[in-house]
Amino acid sequence: MIDLIWLIPLLPLVGFLVNGLGRDVLPKSLVGVIGSGVVLIAFLLSCGVFSTIYALRQAGESAVFTQPVFEWISAGNLRVSLSFLVDPLSAIMLLIVTGIGFLIHVYSIGYMQHDTGFAKFFAYLNLFIFFMLLLVLGSNYLVMFIGWEGVGLCSYLLIGFWFKNSSYANAAKKAFVMNRIGDLGFLIAVFLIFTTFGTLEFAGIFPQAAKMVMGDATLLLITLLLFVAATGKSAQIPLFTWLPDAMAGPTPVSALIHAATMVTAGIYMVARSNILFTLSPITLQVVAAIGICTALLAAAIAVTQNDIKKVLAYSTVSQLGYMFLGLGVGAFTGAFFHVITHAFFKALLFLGAGSVIHAMSDEQDMRSMGGLKKHLPVTYVTMLIGTIAIAGIPPLSGFFSKDEILAHAFAHSKVLWVLGFAGALFTAFYMFRMLFLTFFGRFRGTSEQASHLHESPITMTIPLIVLAVLAALGGLLNVPSALGGHHALASFLEPVFADSVAKAGEFHLEHTTEYILMGISAVAAVIMAIIAYQQYVSKAVVPLSDDSPRSALSRLSYRKFYVDELYDTLVVRPLNALSLFFYRKVDKGGIDGIVNGLGGAAGESSKGIRLLQSGNVGFYIFMMVIAVVALLAYGIFNG
């Protein structure tokens, strides 16, 4: 099965080409089958690859394979192949990208059924999957970078899919530009890596790095640059503001970006490069600090948002912060575990939100919802499961993955644990706030909206049910020994993080301490859910209108701490002013002035010279005589 690994990224690429080229002739039913079918086949192949890797790990082998496709670059000492790396880490990512991706494709058949760009949408989705697969399968940093850039391109295409709306087009441009800032860090890091190690292949870099001293200055610079790239792709401070605006795209795009593809790329890259980061403790401290700050900031913003997709968007930014917190404290398995569980419940929540929006005739403001659980029973139950999971209430998946990160944070720094715990409280509150405002109480929409309320078609509800099951049971992948588990995921990923564990040492926490931390976290999440219930169900509080007066803290949160306004003042306006200066003074006044001046001088001089061309034959003979005399005179005086 490993020999067929090249087929996994190829199939979505074929789907992109077929649906893209045939978008004007293929019927929608066939477009949906092709778009979803190629991802399904890729998923089945990924299952085969995973089963092979799993069997080898059970037998005690490292299960690492590299499959060259062709030599891509050969120049001097630089040798780069398009080759694929299959190991436990990439095998799991294959299942996430193709599995969740397939469910989102199926969901899109119903959600986008009446859109005129149906075929183009599926072509873009397939291309997105292709580039993400290229990113996770690449055996070197250059192939990873191609996939990295590709998902950035696809995010631009899909966020701005309804580009006739100028705000949606601006959101797409914002995502593209902010990601390019981070990508510059990746590109510089690639040059430094080649200069330092003489290769871009992971198999050549990591063994060399493992022999380097802790705190090496070159590794520090490389890892900081890689983390800059990760902050762009995975929406961390200061490059996080593009992700909430990415909600401009169709809801399936939001689910794909937030759960299965783009935003997980930064986490995956750091996890793949774990030995480099382990040997750079300063970088890990930066990663942990940025992660927890992002988690708290985004959670504080989500508490007051009224757009159902914006709540989920800031929730994603916050959860990504938790993942980076895990990476920063050395919990590489825990961070990746949260990537897996987050893919389950965040895809579920976004697709559930899409089902609500579909029923509400494209309304996204929760202040106009309420009482929807009787009209959308499947959507309600599945979103309830997703909400419980992300809130960290046992025994659902989020409890296990988030608590593993918090346990490592506790062992690393009590301050980080307290901050992480505070973020978890915010998460439980704003997620249940979203659930109660949407599904409980009386309906607050228009009578026309009420007349159209209905459960979504089966193509949308089946993916919700499958994801709800995964969100409920996903925590079983890595049950800690304190609860009678065997850390199955950690054992499976052991070859990937072995060098880092050898350098940093094993993580250990007394079972009694773990029980206390788990109990505090679970009880606190339930208390926050009860507080949200009291506020938005028992008291039936409806959030304030946009122009209503608010307290200072509420206004800060609702206005997203004015981060966009700050960037607009410090970056956007000065750059626009500078661009206008160069356009008017340098381009038009300088360059155009020189070019147009030379052209004007040539034109004016030609007006005088053309008078010599009078058409008078006698004048021409006279000029010939003058020329002959001049030539004779020149010959006599210079002979």
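Calculation rules
Residues numbered from 1 in each chain as written. Predicted model: local features only at pLDDT ≥ 70, side-chain atom pairs only at ≥ 80, totals over all residues. Heavy atoms only, no water. Helix = DSSP H or I, 4+ residues; strand = E, 2+ residues; numbered from the N terminus. Buried < 20%, exposed > 50% of the residue type's maximum accessible area, 1.4 Å probe, protein only. Contact = heavy atoms within 4.5 Å. Areas by Shrake-Rupley, 256 points an atom, 1.4 Å probe, with all protein chains shown as cover. Lys, Arg positive; Asp, Glu negative; His and termini not counted. Charge placed at Lys NZ, Arg CZ, Asp CG, Glu CD. Phe/Tyr/Trp six-rings, centres within 6.5 Å; stacked < 30°, edge-to-face > 60°. Pairing = 2+ DSSP bridges. Core = buried A, V, L, I, M, F, W, Y, C linked by side-chain atoms within 4.5 Å. Axes fitted to C-alpha atoms, helices over the stretch in contact; angles between N-to-C directions. Parallel < 35°, antiparallel > 145°, perpendicular 65-115°, else oblique. Left-handed = near helix turned anticlockwise from the far one by under 90°.

Undergrad: Pulling in residues and values, what's your account of the overall build of the protein chain?
TA: Summing up its helical and strand segments, the protein chain has 26 helices and two strands in all. Seen through its principal axes, the protein chain has C-alpha atoms that stretch 115 × 65 × 50 Å. Looking at the protein chain as a whole, 54% of its 639 residues qualify as buried. Sequence-distant contacts, at least 24 apart, represent 81% of the contacts inside the protein chain between residues at least 6 apart. Total accessible area on the protein chain is roughly 26,500 Å²; 68% of this is exposed by carbon and sulfur atoms. Between the mean site of the 35 positive side-chain charges and the mean site of the 32 negative ones, the protein chain shows a separation of 9 Å.

Undergrad: Give a description of the environment of L78 that names residues and reports values.
TA: Positionally, L78 belongs in strand β2 (residues 78-86). Owing to a relative accessible area of 23%, L78 belongs among the partly exposed residues under this scheme. L78 sits 294 residues away from L372 along the chain, and the two C-alpha atoms are 60 Å apart. Excluding anything up to four places from it in sequence, L78 contacts I73, F194 and L200.

Undergrad: Which residues make up the packing of aromatic side chains, and what values go with them?
TA: Scanning the entire structure with this criterion turns up 29 aromatic pairs. Ring geometry for F50 against F492: centres 5.3 Å apart, planes inclined by 50°, an arrangement best described as tilted. Of this pair, F50 sits in helix α2 (residues 28-58) while F492 is found in helix α21 (residues 488-492), placing the two residues 442 residues apart along the sequence. According to the relative accessible area criterion, F50 is partly exposed, its value standing at 22%. Of the residues examined, F492 reaches a relative accessible area of 7% and is grouped as buried. Taken together, a centroid distance of 5.3 Å and an interplanar angle of 50° make the contact between F145 and F186 tilted.

Undergrad: So, the pairing of β2: which residues are in play, and what are the values?
TA: Each regular strand displays side chains that alternate between the two surfaces of the sheet. As paired elements, strand β1 (residues 65-75) and β2 share nine bridges and run antiparallel to each other. Residue T66 lies in a different strand from β2, and its bridge partner there is L85. Between β1 and β2, which follow one another and run antiparallel, lie two residues, and G76 among them has a positive phi close to 60°.

Undergrad: Describe the nonpolar core, naming the residues involved and giving the relevant values.
TA: Residues I100, Y141, W242 and L276 are the most contacted members of the largest nonpolar core, which totals 192 residues. Per element, the largest residue contribution to this core is 18 residues, and it comes from helix α15 (residues 332-359). Beyond its immediate stretch of four places on either side in the chain, W242 contacts I159, K174, A175, M178, N179, G232, K233, A235, I257, M262 and V263. Grouped together as the second largest cluster of nonpolar side chains are 19 residues, A288, L325, F421 and A424 included.

Undergrad: Lay out the packing of helix α6 (residues 166-197) against helix α8 (residues 217-233) in plain terms, naming residues and giving numbers.
TA: Between two packed helices, both the angle of their axes relative to each other and the distance between the axes serve to describe the pair. The contact between α6 and α8 brings their axes to 7 Å, and the two run at 155°. When the axis of α6 is compared with that of α8, the two are roughly antiparallel. Of the two elements, α6 crosses α8, and the hand of that crossing is left-handed.

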